[in-house]
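One-letter residues, chain by chain:
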Amino acid sequence: MNVDFNQAKWSENVIIVDADYVDRVAFNLSVNFERMLMRRVPKADLARWIDCVALDGGVREGDHETHVIMVHEAETKEMENFIPSSFSEEMNGKAFKDNLGEFAITAVEVPQMTDKDSLMLEILKIALSQPEVKRIMAVPNAEDGDLYACMRRALAGADDEKRVTLFAMQPMPGGQFRQEILGYSLMNALGIKGEELG
């Protein structure tokens, strides 16, 4: 699905996700926790995970609008470790509503002329330039390549009015943004409770 983000209607809150990366991290967490907890870990609840990311990014209860952009490789048709899983049938153009407001999901496959990191960076820059966007939560692949560093540079001149949060599996070199540990929101979505880790 190709979206012209320059022409798109933007919400006050934007979540930009490398869906392939998040799916891989959810798989790794599942395998490790199944060994540790000696029980099966169910697939991650996508809506619950999105809620956790929104809360970590500063969204609070109320009638908010949040646009969730799930970026994925063209050959990836679904997430293997989340429910719902299909990008085209269960995510793209769908929405859900809860105590944090409405979440509208757009699944974007990486076009042939570019790569995922470049596309994620481009979406981040366009979101930064939109006056109506108040909060941006980005979940890049901070483990491979230099996307995290590129995002940090792009955020150096960010408007102070915007609250930007980057998610990674471990603390990363800081910048003009907040940081959150990605694992906590994924553990919640996978149904792993703190007390189980005793």
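Residues numbered from 1 in each chain as written. Predicted model: local features only at pLDDT ≥ 70, side-chain atom pairs only at ≥ 80, totals over all residues. Heavy atoms only, no water.

1. Quick notes on the packing of helix α4 (residues 116-129) against helix α5 (residues 147-155)
- As a packed pair, α4 and α5 sit with axes 10 Å apart at the nearest point and diverge in direction by 20 degrees. In terms of orientation, α4 and α5 fall into the roughly parallel class. Where α4 crosses over α5, the handedness of that crossing is right-handed. Taking contact as the criterion, the partners of D117, M120, L121, L124, K125 and L128 in α4 are, on α5, L147, C150, M151, A154 and L155.
- In the contact of α4 with α5, the residues fall into 9 nonpolar, no polar and 2 charged. (Axes fitted to C-alpha atoms, helices over the stretch in contact; angles between N-to-C directions. Helix = DSSP H or I, 4+ residues; strand = E, 2+ residues; numbered from the N terminus. Parallel < 35°, antiparallel > 145°, perpendicular 65-115°, else oblique. Left-handed = near helix turned anticlockwise from the far one by under 90°. Contact = heavy atoms within 4.5 Å. Nonpolar A, V, L, I, M, F, W, Y, C, P; charged D, E, K, R; others polar.)

2. A few points about the side chain of K162
- Residue position: K162 is located in the loop between α5 and β8 (163-168).
- The buried category is assigned to K162, whose relative accessible area is 11%.
- Setting aside chain neighbours within four positions, we find K162 in contact with A127, L128, Q130, P131, V133, K134 and I136. (Buried < 20%, exposed > 50% of the residue type's maximum accessible area, 1.4 Å probe, protein only.)

3. Quick notes on a negative patch on the surface
- Side chains of E78, E80, E89 and E90 sit close together on the surface and give a patch of like negative charge.
- Relative accessible area serves as the criterion here: at 57%, E80 is assigned to the exposed category. (Patch = residues over 30% accessible without salt bridge, like charges linked within 9 Å, V, L, I, M, F, W, Y side chains within 5 Å. Areas by Shrake-Rupley, 256 points an atom, 1.4 Å probe, with all protein chains shown as cover. Salt bridge = Lys/Arg side-chain N within 4 Å of Asp/Glu carboxyl O. Lys, Arg positive; Asp, Glu negative; His and termini not counted. Charge placed at Lys NZ, Arg CZ, Asp CG, Glu CD.)

4. Here we look at the sheet that holds strand β3 (residues 64-72)
- With respect to topology, 7 strands assemble into an open sheet ordered β5-β6-β3-β1-β7-β8-β9, the strand pairing being mixed. The sheet terminates laterally at β5 (95-98) and β9 (178-181), the two strands that pair on one side only. Direction aside, the axes of adjacent strands within the sheet are offset by 20 degrees on average.
- With 6 bridges connecting them, strand β1 (residues 13-18) and β3 associate as parallel partners. Counted as the bridge partner of D18 is V71 from β3.
- Each of β7 (135-139), β8 and β9 is contacted by helix α6 (residues 182-189), which is oriented at about 45 degrees to β9, the strand it contacts most. (Pairing = 2+ DSSP bridges.)

5. Observations concerning the pairing of strand β6 (residues 101-109)
- Bridge count between β3 and β6: 9 bridges; the pairing is parallel. Along β6, the bridge assignment pairs T66 with F103.
- Relative to β6, β5 runs antiparallel, the two sharing 4 bridges. The partner of F96 across the bridge, within β6, is F103.
- What sits between β5 and β6 in their antiparallel hairpin is a turn of 2 residues.

6. Considering the environment of D146
- Assignment of secondary structure puts D146 in the loop between β7 and α5.
- Judged by relative accessible area, which is 45%, D146 ranks as partly exposed.
- Linking D146 and E80, residues 66 residues apart in sequence, is a C-alpha distance of 25 Å.

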